[in-house]
Amino acid sequence: MPASRWNTETLELLDWMEQADFAVNDFFSRAMLSSILNEDRKDEIEGRSEEFLENVPAYLPILPLRGLVVYPHTAVPLTIGQPRSIRLVDDVLAEDDRLVVLVASKDPELEAPDPDELYKVGTIATIHRLFRAPDGTIRLLVQGMTRCRLEDFKQEEPYLKATVELNPVLPEDSLEIEAMARKMRDQFSHIAEMIPNIPQELVEAVMVLDDPLQIAYNVATFQNLDLEEAQELLALDSIEEKLHKLVSFMTREVEMLEIGQKIQKQARSEIGKVQREYFLREQLKAIQTELGEEDEQKGEVKEFSQKIEEAEMSEEANKQAVHELDRMSRLPTASAEYGVIRTYLDWMVSLPWSKTTEDKLAIDHARQVLDEDHYGLEDIKERVLEFLAVRKMRKERVDEFETQNDDSIRQIREGVILCFVGPPGVGKTSLGRSIARSMGRKFIRASLGGIRDEAEIRGHRRTYIGSMPGRIIQSLRRIESNNPVFMLDEIDKLGQGFRGDPTSALLEVLDPEQNSEFRDNYLEVAYDLSKAMFITTANLLEPIPAPLRDRMEIIRLSGYTDKEKKAIAKQYLIPRQVRENGLRREEVSFSDEALQTIVRSYTREAGVRNLERKLGSICRKVVTQIAEGKIESLEITSEQAREFLGRPKFFGTEELAERTSIPGVAAGLAWTSTGGEVLFVEATLMPGNNKFQLTGSLGDVMKESAQAALSYLRSRAEEFKLDDNFFGNHDIHLHVPAGAQPKDGPSAGITMATALASLVLGRLVREDVTMTGEITLRGQVLPVGGVKEKVLAAYRAGSTTVLLPKRNQADLEDLPDEIVEAIDFIFVETIEEVFQAGLEKPT
């Protein structure tokens, strides 16, 4: 169409587009131009539509578009820069009809897409105007004419050409289409009200259109649709479907714009509130100045300055605090940074930089306190007394040390790190409180179980919102002392996640050579932790990394004997439960037989937690009867304990005798994180073809021990007077009960061998015998660990004879005298000795 046919408004818009650096995706300019051109050429388009459809060539050049879909009846500005696209445009301009097929590429990132990478539905368009820019690109103004479908590509070089099939949208007329077209115009008008950049002329041009299809295409040109959505709209064959799809798109756009306006309104309200507060504060400052009063900020700065002086910080910390205070004094109180600095200074001045509790170094007093709070535990008590004795002598001879020039004397470490390892309920945590009381220090406990973030130990950096120091610094602030007894509970339960390894952060805390300059990420200055006495607790030593174990002095706590449990119950547990349940001492008492019954028949543990629960249950039942007026006081006997607690849960020697009453069952001893346990091993024999089955959730090591035991027996079949085909004609099944609980380790080797020997020889295992030890393929018995816990378990189960490896004989020194006297220990070196001591004599 010649330029003289265009109206003045169109020409002005084209001149502006030539002079400006317009973008292809500028949908405002596209929609504005489309509406003006279509309104300007409405009569011509309608008059030439039939003639155009008849004269369109079947073979046309293809111009791929990146991220853009051109609709029929719309005018769109394009910018092209690819050499093959420029070549295509030059060839098309040489033709009379100037027709080209505009098809969107499936991947907008591709500069030169292949035929398979193009959508199949596009728009036949005519090129109206061309402008060559100084940078070598060409800017076009194209007019979409009709829709088409790509068939066969006949040419790929120098540009794409294909046969096309015209695919115009057939006209439709219904009330529903008219209603949707009206709805679309209303939504478009509503959107224009919420977007100030939309020209009013564009809205007016759309509002005067009558053709629903033309309305849809012009509004879609304006809408900021995704490429897939725009292509889907073009590909729909029905006008009604197009309108439905476009109305849903516009409804979503209206909702997004309304939410955006709501957010903007809220933000504007918040900004106005902040400005109002700022003006009010400034007026308040002016009023305070007129009255000769000090404003709030100056008062805070003066207060912090005084607290910094009183805190007696280290030189580095004092310098940092003064620097931050100077920054805060120059910031407005409404600033976010002001609040961050104020919180930081509050932490700095509230830490106990120089607050120390004086140690009570009287050894006799410390021994008395430890004996009052705990029964037994002599090794730990002696270690604490040694620590106090060293502190006392150093304090008394400090002048003598200072006069000497020996650096090794002057650099004696202040810190001591103890690690209590033992099963639950043996008093590890309560022992820390007793140590603090005996030394006259404050006590603080921090549980480390389940911590997976390094920042929990070392703190968060101040750059994060809501950051704070780690648990070490927080605990010291709460306790208000720089030399407390600091207990880190459950150190073996520390986790490791993507936020770092907390155990690595503890290396600095628990190293006496480094913790004098512990740096929390939040404080950013060194804090001296060497004056604190750190105590850690764990149920297992293996999960603790080796570098961390190396920094601690390991002290193992084993389980209690029945005698120790009864003594603990009398001295500590019963008085506490009497007091907690509102009883007087004379209202309830326990006989020794009752305590023995509770310990043996209702609890089987290394510690005393379940024992205390049972005592508390009895006390509550006594309280109930006293409150009802049935009794005034009660002495608990063995029979009454059974009446209050119900049927027994554990059995003593009866269980051993019952389980070993048939051949093929042996009682072993196992070590667990909760103490020692009696472990039964059962074996059975059946006709078969030399199969060996293992069950009971056994680990690889335990399975190998069972295989070694069976191989030893088969190698000694002649000595045991077994038939040559005995093992070949039988299957053996070995099972370890409590199958839901995983089991592993080599210490059940001699137990498995004894059970198999009892089975094949038909000899019972002695009912009073329990055993532990590793077996070799040659029948040697090797030493094992956890002997004390295992022997305690045998003692609790009523075993009177325990078979141990010969090289574990030295472990008896750790056992209480009452157990050594009550149990007959037989030390073995070979499996033959185990069979001789553990099996009944042949009849």
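Bear in mind that the values here come from a model prediction, so they are computed numbers and not experimental data. (Residues numbered from 1 in each chain as written. Predicted model: local features only at pLDDT ≥ 70, side-chain atom pairs only at ≥ 80, totals over all residues. Heavy atoms only, no water.)

Peer 1: Help me understand the overall build of the protein, please; the structure alone is not making it clear to me.
Peer 2: If you tally the helices and strands in the protein, you get 31 helices and 24 strands. Here the protein, with 843 residues, has 49% of them falling under the buried criterion. When the accessible surface of the protein is summed, it comes to about 42300 Å², and 47% of that surface belongs to carbon and sulfur atoms. (Helix = DSSP H or I, 4+ residues; strand = E, 2+ residues; numbered from the N terminus. Buried < 20%, exposed > 50% of the residue type's maximum accessible area, 1.4 Å probe, protein only. Areas by Shrake-Rupley, 256 points an atom, 1.4 Å probe, with all protein chains shown as cover.)

Peer 1: Explanation requested: the packing of helix H13 (residues 363–373) against helix H17 (residues 428–439) in the structure shown.
Peer 2: The contact between H13 and H17 brings their axes to 8 Å, and the two run at 150 degrees. Viewed along their axes, H13 and H17 adopt a mutual orientation that is roughly antiparallel. Pair H13 / H17 crosses with right-handed handedness. Facing H13, whose interface residues are His365, Ala366, Val369, Leu370, Glu372 and Asp373, H17 presents Ser434, Ile435, Arg437 and Ser438. Residue composition of the contact of H13 with H17, grouped by class: four nonpolar, three polar and three charged. (Axes fitted to C-alpha atoms, helices over the stretch in contact; angles between N-to-C directions. Parallel < 35°, antiparallel > 145°, perpendicular 65-115°, else oblique. Left-handed = near helix turned anticlockwise from the far one by under 90°. Contact = heavy atoms within 4.5 Å. Nonpolar A, V, L, I, M, F, W, Y, C, P; charged D, E, K, R; others polar.)

Peer 1: Help me understand a negative patch on the surface, please; the structure alone is not making it clear to me.
Peer 2: A cluster of acidic side chains, namely Asp114, Asp116, Glu156 and Glu157, defines a negative patch on the protein surface. Considering the arrangement of structural elements, one finds Asp116 in the loop between strand E3 (99–104) and strand E4 (121–132). Asp116 sits in the exposed class, given a relative accessible area of 66%. (Patch = residues over 30% accessible without salt bridge, like charges linked within 9 Å, V, L, I, M, F, W, Y side chains within 5 Å. Salt bridge = Lys/Arg side-chain N within 4 Å of Asp/Glu carboxyl O. Lys, Arg positive; Asp, Glu negative; His and termini not counted. Charge placed at Lys NZ, Arg CZ, Asp CG, Glu CD.)

Peer 1: What is the right way to look at the pairing of strand E7 (residues 417–421) in this model?
Peer 2: In terms of residue burial, E7 counts as a mostly covered element, since five of its five residues are buried. Taking every second residue as pointing to the same face, both faces of E7 are buried, with Ile417, Cys419 and Val421 on one and Leu418 and Phe420 on the other. Bridge count for E7 against strand E12 (residues 533–538) is five bridges, and the pairing is parallel. By the bridge assignment, Val421 is partnered in E12 with Ala538. Summarising the sheet, E7 and strand E13 (residues 553–556) pair through four bridges and their orientation is parallel. Looking across to E13, one finds that Leu418 is bridged to Glu553. (Pairing = 2+ DSSP bridges.)

Peer 1: Please clarify how the packing of aromatic side chains should be interpreted in this entry.
Peer 2: The way to describe two aromatic rings as a pair is by their centre distance and the angle between their planes. For the coordinates displayed, the defined rule picks out six aromatic pairs. The interplanar angle of 20 degrees and the centroid separation of 5.3 Å between the aromatic rings of Tyr71 and Tyr217 together place this pair among those described as stacked. Of this pair, Tyr71 sits in the loop between strand E1 (59–65) and strand E2 (75–80) while Tyr217 is found in helix H7 (residues 212–222), placing the two residues 146 residues apart along the sequence. The same class applies to Tyr71 as to Tyr217, namely buried. Where Tyr344 meets Tyr522, the ring centres are 5.8 Å apart and the plane angle is 55 degrees; that geometry is what we call tilted. Placement of the pair is Tyr344 in helix H12 (residues 336–350) and Tyr522 in the loop between strand E10 (518–519) and strand E11 (526–527), with a sequence separation of 178 residues. In terms of burial, Tyr344 and Tyr522 fall into one category: buried. For the cation-ring pair, Arg462 lies above Tyr344, with the distance from its terminal atom to the ring centre recorded as 3.9 Å. Positioned above the aromatic ring of Tyr795, the side-chain terminus of Arg600 is 5.6 Å from the ring centre. (Phe/Tyr/Trp six-rings, centres within 6.5 Å; stacked < 30°, edge-to-face > 60°. Lys NZ or Arg CZ within 6 Å of the ring centre and 35° of its normal.)

Peer 1: How should I be thinking about the confidence of the model for the protein in this particular structure?
Peer 2: Parts of the prediction with low pLDDT should not have their coordinates interpreted in detail. Here the protein shows a mean pLDDT of 81. Residues at 70 or above account for 88%. Counting interchain partners and residues more than four positions distant, the pLDDT-below-50 stretch residues 35–48 has 36 contacts. Of the regions scoring below 50 in pLDDT, residues 408–413 engages in nine contacts with residues more than four places distant in sequence or in other chains. (pLDDT = per-residue confidence, 0-100.)

Peer 1: Even after reading the chapter, I still don't get helix H6 (residues 200–207), so can you show me in this structure?
Peer 2: Residues that lie three or four places apart on an α-helix share one face, since the helix turns once every 3.6 residues. Those residues of H6 that fall on the buried side of the exposure criterion are Leu202, Val203, Ala205 and Val206. Take H6 and look down its axis: the buried residues cluster within an arc of 160 degrees, on one side only. (Arc of directions from axis to C-beta.)

Peer 1: Hey, could you run me through the nonpolar core in this one?
Peer 2: Across soluble globular proteins, you tend to see nonpolar side chains buried next to one another. Grouped together as the largest cluster of nonpolar side chains are 53 residues, with contacts concentrated most on Tyr71, Val101, Met184 and Leu246. Beyond its immediate chain neighbours, meaning those up to four positions away, Tyr71 contacts Thr123, Gly144, Tyr217, Ala220, Thr221, Leu225, Ala230, Leu233 and Leu234. Listed in part, the 51 residues of the second largest apolar core include Met313, Ile341, Trp353 and Leu506. (Core = buried A, V, L, I, M, F, W, Y, C linked by side-chain atoms within 4.5 Å.)

Peer 1: Where do I start with the packing of helix H23 (residues 592–602) against helix H25 (residues 638–645) in this structure?
Peer 2: Each pair of packed helices gets described by two things: the angle between the helix axes and the distance between those axes. Two elements in contact, H23 and H25, have axes separated by 7 Å at closest approach and are oriented at 45 degrees. Taken together, the axes of H23 and H25 are oblique relative to one another. For the crossing formed where H23 meets H25, the hand is right-handed. Residues Glu593, Ala594, Thr597, Ile598 and Tyr602 of H23 pack against Ser638, Ala641, Arg642 and Leu645 of H25. For the contact of H23 with H25, the residue count by class is five nonpolar, two polar and two charged.

Peer 1: Would you explain helix H28 (residues 749–761) in this entry?
Peer 2: The first and last C-alpha atoms of H28 sit 18 Å apart over 13 residues, in line with the 18 Å expected at 1.5 Å per residue. Counting buried residues along H28, 12 of its 13 residues qualify, which places the element largely inside the surrounding structure. Turning to H28, its buried residues are Gly749, Ile750, Thr751, Met752, Ala753, Thr754, Ala755, Leu756, Ala757, Ser758, Leu759 and Val760. Following H28 by one or two positions, Gly762 has its phi on the positive side, about 70 degrees. (Expected span 1.5 Å × (residues − 1).)

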